[in-house]
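Read off the chains here:
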Amino acid sequence: MTMAQTAGAARTFPQGEPIIQCQGVHKWYGEFHVLKNIDLSVAKGERIVICGPSGSGKSTMIRCLNRLEEHQKGSIIVDGIELTGNLKNIELVRREVGMVFQHFNLFPHLTVLENCTLAPIWVRKKPKAEAEEMAMRYLKRVRIAEQALKYPGQLSGGQQQRVAIARSLCMSPKVMLFDEPTSALDPEMVKEVLDVMIGLAEDGMTMLCVTHEMGFAKSVADRVIFMDRGEIVEQNTPNEFFNSPQSERTKLFLSQILNH
Amino acid sequence: MTDNVHTGNVHTGSIPDERPPANTVGPVAWLRNNLFNTWYNALLTILIAWLLFKAIPPLLDWLIFSANSFGTPPQVCRQEGGACWTFVSEKLRFVMFGTFPYDEQWRPLITIVIIIALVLASCDRRFWKPWLGLLWIAGLTAVGVLMWGGVLGLTYVENTLWGGLPLTLMLSVVGLSVAFPASVLLALGRRSQLPAIRVISVTYIELIRGVPLISLLFMASVMFPLFLPTGVNFDKLLRAQIAFIMFAAAYMAEAIRGGLQAIPKGQYEAADALGLNYWQAMGKIILPQALAISIPPLVNTFISFFKDTSLVIIIGLYDLLGTAKAALSDPAWRGFYREAYLFIGVIYWVFCYSMSKYSQKLERDLHRGHRR
Ligand SMILES: Nc1ncnc2c1ncn2[C@@H]1O[C@H](COP(=O)(O)OP(=O)(O)OP(=O)(O)O)[C@@H](O)[C@H]1O
Ligand SMILES: [Mg+2]
């Protein structure tokens with residue numbers, strides 16, 4: 001119970017070998033300071049949930065990790081490669097980092113199967129048959145194999161999001177980033193997507209997940225990070241985070257999302 | 001009570017299904033709804049019916065009933081009135097092949113067949129494979145050999161003698177197939193992150209779009225020679241072809257840019273996040289979707305360029321329209337404008353309408369299944 005006394009932000013995570021290391025990361029959109037001095041280290045196999053009010057910079061932060069957004073100060077090292085302007089390095093990092101978007105972003109002109117095999121074939125240079133076999137394996141895993149020949153537009157939101165997860169998994173990533181994967185879904189479809197994510201977590205995937213699903217955070221996260229106005233305000237184990245939040249801002253945020 | 005279960009169109013509810021009221025279906029209802037629904041529409045309907053009644057019988061009479069069949073000599077035609085289709089049969093080879101040596105006209109004929117076959121093959125999506133490019137190279141080489149000759153025992157034919165349909169087809173098919181990839185690059189260039197490439201693309205597109213095609217054709221024939229060392233003679237046909245390519249590329253680039261702009265940002269992000277490089281993301285994700293969206297404006301450009309090839313007449317090349325006009329200058333056949341223009345009009349129309357039809361089919365195929 002010594003941890004409860006230290007402020008969350010001061011606690012040192014992680015214990016294992018880091019796969020992502022951010023140090024003093026800043027980002028601006030024009031004059032607007034979106035990310036302020038982000039220090040974050042993620043261990044292999046760690047499951048992190050990121051929460052915070054709208055506009056606090058959660059999406060921006062995880063999008064910096066595969067350089068969909070560029071940071072202007074500080075350093076981000078992913079899987080031993082520092083993210084700079086070097087395009088080759090960026091592509092190398094992106095191969096190892098899967099990303100699942102709020103709006104799925106499946107490729108509407110390709111079938112579900114083609115969505116899943118495209119990157120393995122063209123980026124990993126896998127033979128087509130092998131890529132298809134692997135895609136079918138992951139599609140089975142997200143329980144959607146029977147829809148493999150359909151187009152994304154023919155699937156429900158929950159099904160599309162599961163395909164998007166399978167598409168990322170087909171690249172055998174070392175880290176998976178999720179940006180509010182369930183917030184564009186109808187309530188009855190949220191569970192099917194969360195179940196897939198829980199399955200992934202149980203298999204030891206390193207995950208960073210921006211979500212407001214606090215049940216998910218409590219059951220699978222090793223660590224919950226709270227962001228507000230571009231800063232990491234507090235981070236702690238789910239248990240500590242929810243039961244004894246340290247900062248006023250966290251308390252206010254928790255009271256808002258838990259009371260509706 | 002769960003009454004909203006339905007199978008097909010039959011509701012098994014507590015209220016029995018009824019037929020719609022009789023006055024809302026059937027031909028009379030259709031007439032009333034579409035032609036006579038208001039007093040001014042009724043007036044318009046009657047007016048148009050009267051105009052058609054006035055215009056169609058004389059037209060049909062000229063075209064068919066009083067028309068002189070093939071073989072009637074022109075003097076007889078002139079006396080009788082009515083269309084003189086002998087003009088078409090008599091001048092067919094000249095209109096089709098221009099001044100190409102008469103005994104060698106099987107060569108442009110095969111050229112037409114090869115070009116149409118290549119285009120038809122390219123229309124089938126199953127053939128969209130790398131070897132299609134090789135087929136085109138082989139086909140166009142064959143076309144070059146046939147038209148120029150000078151090898152394989154074929155007599156040499158200078159390209160100033162080329163004319164008619166092969167010229168029209170070559171200018172448009174070669175022109176559009178070179179301009180199309182160029183326009184894709186220009187459209188991508190205009191949206192490039194690299195300022196130099198963006199500026200070059202924008203400048204090019206805006207400069208070329210800002211001048212009329214005719215002036216570009218003139219410039220191609222009078223300005224290019226200025227840049228060349230004296231004595232180097234640059235082929236007139238090639239100059240026209242280059243002018244066409246430059247012009248078509250600028251126009252198509254804008255059509256494609258419209259398609260590119262319609263692709264949501266999420267598609268670029270998903271492609272990037274998977275580690276695809278720029279060309280893979282464009283080639284596999286963005287362009288297939290953007291081009292599918294751009295089909296209507298692209299076909300618009302294709303059709304207008306196919307017809308605009310007839311502008312080469314101003315720099316002294318005889319395309320289909322040019323040969324038809326030249327045929328009319330034969331003293332024996334002077335004055336049969338209607339027959340001449342109608343005939344080539346039909347040829348142009350057949351090609352343009354096929355393009356339009358094919359594009360509709362392609363659009364349907366590409367959109368099948370993946371409409372959001
Ligand atoms: N491209 C951009 N240009 C300018 N400002 C931006 C841009 N993208 C995001 N912002 C701003 O940056 C801030 C952080 O955005 P971000 O999307 O990271 O927030 P978030 O925490 O993910 O919020 P939400 O929960 O609504 O998704 C917001 O105030 C947003 O308005
Ligand atoms: Mg967000």
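Basis of the calculations
Residues numbered from 1 in each chain as written. Chains lettered and ligands numbered in written order. Predicted model: local features only at pLDDT ≥ 70, side-chain atom pairs only at ≥ 80, totals over all residues. Heavy atoms only, no water. Phe/Tyr/Trp six-rings, centres within 6.5 Å; stacked < 30°, edge-to-face > 60°. Helix = DSSP H or I, 4+ residues; strand = E, 2+ residues; numbered from the N terminus. Lys NZ or Arg CZ within 6 Å of the ring centre and 35° of its normal. Disulfide = S-S within 2.5 Å. Buried < 20%, exposed > 50% of the residue type's maximum accessible area, 1.4 Å probe, protein only. Contact = heavy atoms within 4.5 Å. pLDDT = per-residue confidence, 0-100.

> Could you clarify how one ought to interpret the packing of aromatic side chains in this entry?
Aromatic ring pairs are defined here through the distance separating the ring centres and the angle between the ring planes. Per the counting criterion, the structure on display carries 14 aromatic pairs over all chains. Ring geometry for Phe247 of chain B versus Tyr251 of chain B: centroids 5.1 Å apart, planes at 45 degrees, classification tilted. Residue Phe247 of chain B and its partner Tyr251 of chain B are located together in helix H11 (residues 236–261), separated by 4 residues, close to a single helical turn. Chaining the aromatic ring pairs together yields one cluster made of Phe244, Phe247, Tyr251 and Phe305 of chain B. The ring of Phe242 of chain A is capped by Lys218 of chain A, whose NZ or CZ atom sits 4.9 Å from the centre of that ring. The ring of Tyr102 of chain B carries the charged tip of Arg93 of chain B above its face, separated from the ring centre by 4.0 Å.

> Would you explain the state of the cysteines in this entry?
Note on terminology: disulfide describes a covalent bond linking the sulfur atoms of two cysteines. Under the definition given, this model contains 0 disulfides over all chains. For Cys64 of chain A, which is in no disulfide, the shortest distance to another cysteine sulfur is to Cys22 of chain A and amounts to 8.1 Å. Overall, Cys64 of chain A belongs to the buried group, its relative accessible area being 2%. Just so you know, Cys352 of chain B is unpaired, no disulfide at all, and the nearest cysteine sulfur is the one on Cys123 of chain B, 14 Å from it.

> Would you mind showing me how to read the side chain of Thr111 of chain B here?
Residue and element names in this part refer to chain B. Among the secondary structure elements, Thr111 is positioned in helix H5 (residues 106–123). Residue Thr111 is classed as buried on the basis of its relative accessible area of 0%. If we ignore the near neighbours within four places in the chain, the residues touching Thr111 are Val143, Leu146, Met147, Pro166 and Met170.

> In this structure, what is going on with the confidence of the model for chain A? I would like to understand it.
Segments scoring low in pLDDT should not have their predicted coordinates read at a detailed level. Here chain A averages 89 in pLDDT, while 93% of its residues score no lower than 70. Contacts from residues 1–10 of chain A, a stretch scored under 50 in pLDDT, to residues over four places away or in other chains number 15 contacts.

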